[in-house]
Amino acid sequence: MGNTINKILLLLVLVCLSLSSFAAEPAFIVFYNSGKAVKTVSGKSIILKKGDNLLSTDQINIPEQTQLVLVCANFSVVQLKTKGIYTIKTLLAKCSKETTSASSAYFKYIWHSFSHAHTAPEKDPRAYMQTYGAASRGRGTLITKLNADTINYYNGSLSIGWLPTKAVKTEVYSAATDGDLLITGKPATYIKIDSIAAQLKKSGSYFWEMQGQQNPKRKYLKLWTKASYQTAITKILKGVVATSSAEKAYLTGFMLEERHFLGEASKYYQKALQLESNNQIYKSAFARFTP
Amino acid sequence: MFKYLFKRDTLFATLAVFLVMGMFAFLPINTHFLDPIHLALSDFDYNDLAYSKMDKNKDTPTDTNIVIVNIGYGNRQDIAAMIGKVAAQQPKAIGVDVLFNEKKDPVGDSLLLKLFSTNAKLVTAFNYTATNNKGYFYTQSINKGYANFVGEEEGVIRHFTPHLEEENLSAFAAQVVKQADPESYQALIKRNKLTETINYTRKADKYVVINGMDLINGKADSSLFANKIVLVGYVASTINDVEDKHFTPMNEKYTGKSLPDMNGIFIHANIISMIQSHQYIHHLPAWLMWAIAFLLCWLHMALFIKDYLENHIWFHLIAKIAQIISAVFFVYLGLLSFHQFNTQMNMTATLAAIILAVDVLYFYEAFAIWLHKKKGFKTIFTHGKHN
């Protein structure tokens, strides 16, 4: 009996650990793998590819003649060329060590300036032809009613409409360019982020677009975990100045919208409108969230 | 002053100035970053003052040979309809200054594809630096030209490359002229210049602009396109709309933080105006500028030596005043030449020589005295008459 309980407890601990690893932020993102560097997950080896996330609990194996370049959360870069097995935890130390000082950055700049010849556009025009004089019309003319380039989302109702009102399909991808097509929505005049989140299930970074949008860049959707989302919201709410109830609700909505927590902002705008139903500012602020 | 002009020391001191300049020029390192003025004004050309302060080309009349159709936020079907309306009026050429990077809606795409692949008067634009994707219609387009200019990214656009021989590609504006006015195009190619300086003659208000949506809806008279060069592209509706907008020498703020002032379509229009009118920007040859620099440095050196020997108390004051007056005067001369004759004079060597002259003179004096003591070299600096 005691043995069975121990096994169940061990299983629970393992389940909790694996769940927490799902929820955790990535420690590194793989930038380049010249060979067959792999990460080991549950005893299985998975070849790393550009864009893969590495968690602090992961372990990686680098074979001979392989270069692996990782990007840290602070955007510094760690390059691994030597054969061996590395734990991500130990590599994390390299990220913090590689922060640059003002002096080293200055002397790097001096060295770079000394060692690079100064050319002129007149002599080498091909090197100076990055600028072009033409407008891009890669896509169409749909413009979202809300500034939805970035959306931070965990739960709650959130629909985003566009103008001109036209039923088009929406597509959700795994990456900003190319990437796997994860979801194709039915033609509609808006996108329901809550429904997308329900289909995606996993927290993480996603990219979406509507067919015919003006800006060819995909929009960023970050699905947060409950804990990190609540922490972020609490932090924002701390900055809200208390005035009247309606005003406070509006200000909260405004601050949340500024930080792209649109679903949460919508709730507070609605609250402000409920408290002062004749206020035109509250009305128009909330109306934008109505597709 | 003139009595020192033909002294051997004056000539040698002048040569020493150019020797020092040569030493600086041949240093195998880049020292531009040590110069805060260079950094601050890295995107500044003093010729820009001709536009912003001397009103160069301010009174140029509207170019009625070119008509611009503003696509606004029209989609591909709209753009195809605009081109169709224009093409029906038999213009000389139609330049479509729009990048269509990917496929979109089947109707709009097929309409455009038919136009680009069948109408020999149409010229499409593409991005030369896009290595993988030069545009959805790139392959099928009969005529195409790169819309790229030459300049620092986000910098002032002063140059363009008419033709890239190795790739056999032409600039968008050059390609449009090739269809509309082959003689002018041939004249451009015969100049055989890797880069041409753009002669900006007109701001946006000196070109006829038609709203594309008005054209589709029959609100604009399409007969004015007959026998004209028509450019189809985006024209910003407000000063703060910076889509496809660039900095040009015509910007009223010639240095420092400002908004870009001209849409790409108007830069192409200026290039076309320049090619058609044959009003190119000329550059005085380098050998002539060096000869002028040497001559002026020689004159300055004679003046400096005279004051150094005969009026030493006032030497520094006179030298500095002479340097300032010379700098202002020769910059003015350069601007005047650009303003009046579309000819750019590179006065850098002259200014550098005059600025270095005083310091090199000190060095030369010490060297001449040393040579005099050691080798009996005859020099005017042995008299010791610093009055």
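This is a predicted model, so every value here is computed, not measured.

Colleague: Describe in detail helix H8 (residues 280-287) of chain A, supporting the description with residues and values.
Modeller: All names here are of chain A. Along H8, the residues that are buried comprise Tyr-282, Ala-285 and Phe-286. Buried positions in H8, seen along its axis, are confined to an arc of 90 degrees and lie on one side of it. For H8, the secondary structure elements touched by its buried residues are helix H6 (245-258) and helix H7 (262-275). Measuring from the side-chain oxygen of the N-cap residue of H8 to the backbone nitrogen of Ile-281 gives 2.9 Å; that N-cap residue is Asn-279.

Colleague: Got a sec to walk through unusual backbone geometry? Specific residues and values, please.
Modeller: Residues and elements named next belong to chain B. Although it is not a glycine, Gln-90 sits at a positive phi angle of roughly 55 degrees. With a phi angle near 55 degrees, Asn-192 is a residue other than glycine that sits in the positive phi range. If you trace the backbone, Asn-192 turns up in the loop between helix H8 (182-191) and strand E9 (196-197).

Colleague: Let's hear about the sheet that holds strand E4 (residues 53-54) of chain A: which residues, and what values?
Modeller: Strand order in this open sheet of 4 strands is E4-E1-E6-E7 (chain A), and the pairing throughout is antiparallel. Edge positions in the open sheet fall to E4 and strand E7 (77-80) of chain A, since each of these has one partner strand only.

Colleague: Please set out the environment of Tyr-73 of chain B residue by residue, giving values where relevant.
Modeller: Residue and element names in this part refer to chain B. Looking at the element boundaries, Tyr-73 is found in the loop between strand E1 (63-70) and helix H5 (76-87). In this structure, the C-alpha to C-alpha distance between Tyr-73 and Val-235, residues 162 residues apart in sequence, is 9.9 Å. Looking at Tyr-73, its side chain comes within polar contact range of the side chain of Tyr-234, at 3.3 Å.

Colleague: Explain the sheet that holds strand E11 (residues 150-153) of chain A residue by residue, including any values.
Modeller: Adjacent strands of a sheet pair through backbone hydrogen bonds, lying either parallel or antiparallel. Residue and element names in this part refer to chain A. Read from one edge of the open sheet, 5 strands run E11-E17-E16-E13-E14, paired in mixed fashion. This sheet does not close on itself; its edge strands, each paired only once, are E11 and strand E14 (181-184). Direction aside, the axes of adjacent strands within the sheet are offset by 25 degrees on average. Bridge count between E11 and strand E17 (residues 219-223): 4 bridges; the pairing is parallel. In the sheet register, Thr-150 faces E17, and the bridge partner there is Tyr-220.

Colleague: Give a description of a nonpolar patch on the surface that names residues and reports values.
Modeller: All names here are of chain B. Together, Ile-313, Trp-314, Leu-317, Ile-321 and Ile-325 give the surface a local cluster of nonpolar side chains, amounting to about 560 Å² of exposed area. By the element assignment, Leu-317 lies in helix H12 (residues 312-341). Judged by its relative accessible area of 47%, Leu-317 is partly exposed.

Colleague: How would you summarise empty space enclosed by the protein if you had to cite specific residues and measurements?
Modeller: Residues and elements named next belong to chain B. For the structure shown, the criterion picks out 3 cavities of 30 Å³ or more. Looking at the largest cavity, its volume works out to about 90 Å³. Residue lining of the largest cavity: 14 residues in total, with Phe-100, Ala-125, Lys-134, Gly-135 and Tyr-138 positioned closest to the centre. As a volume, the second largest cavity reaches approximately 60 Å³.

Colleague: Summarise the pattern of salt bridges; cite the residues concerned and give the values.
Modeller: For the structure shown, the criterion picks out 13 salt bridges over all chains. Among the ionic pairs, Lys-49 of chain A bridges to Asp-52 of chain A, the shortest N-O distance being 3.6 Å. Owing to a relative accessible area of 54%, Lys-49 of chain A belongs among the exposed residues under this scheme. Put simply, Glu-167 of chain B and Arg-126 of chain A hold a salt bridge, and the shortest N to O gap is 2.9 Å. With Glu-167 of chain B in the loop between strand E7 (163-164) and strand E8 (169-170) and Arg-126 of chain A in the loop between helix H3 (102-115) and strand E9 (135-136), the pair connects residues from two separate chains. Arg-126 of chain A sits in the partly exposed class, given a relative accessible area of 29%.

Colleague: I'd like a rundown of the UniProt feature "transmembrane region" (unreviewed entry) in chain B, residues and numbers included.
Modeller: Under the feature "transmembrane region" (unreviewed entry), the UniProt entry names residues 12-29, 284-305, 317-338 and 350-371 of chain B. Secondary structure content for residues 284-305 of chain B is 91% helix and 0% strand, and the end C-alpha separation is 30 Å.

Colleague: Outline the environment of Lys-104 of chain B, listing residues and values.
Modeller: Structurally, Lys-104 of chain B is set in the loop between strand E3 (98-99) and helix H6 (106-118). On a C-alpha basis, the gap between Lys-104 of chain B and Tyr-136 of chain B in space is 9.4 Å, while along the polypeptide they are 32 residues apart.

So, how was this worked out
Residues numbered from 1 in each chain as written. Chains lettered and ligands numbered in written order. Predicted model: local features only at pLDDT ≥ 70, side-chain atom pairs only at ≥ 80, totals over all residues. Heavy atoms only, no water. Buried < 20%, exposed > 50% of the residue type's maximum accessible area, 1.4 Å probe, protein only. Helix = DSSP H or I, 4+ residues; strand = E, 2+ residues; numbered from the N terminus. Arc of directions from axis to C-beta. Contact = heavy atoms within 4.5 Å. Polar contact = N/O pair within 3.5 Å; in protein donor to acceptor, adjacent residues only side chain to side chain. Pairing = 2+ DSSP bridges. Axes fitted to C-alpha atoms, helices over the stretch in contact; angles between N-to-C directions. Patch = residues over 30% accessible without salt bridge, like charges linked within 9 Å, V, L, I, M, F, W, Y side chains within 5 Å. Areas by Shrake-Rupley, 256 points an atom, 1.4 Å probe, with all protein chains shown as cover. Salt bridge = Lys/Arg side-chain N within 4 Å of Asp/Glu carboxyl O. 1 Å grid on protein atoms, 1.4 Å probe; cavity = no way out; pocket = protein on both sides within 12 Å on 5 of 7 lines; lining within 4 Å. Points joined across faces, edges and corners; volume = space filled by probe spheres on them. UniProt positions renumbered as here; feature names shortened; annotations may be inferred.

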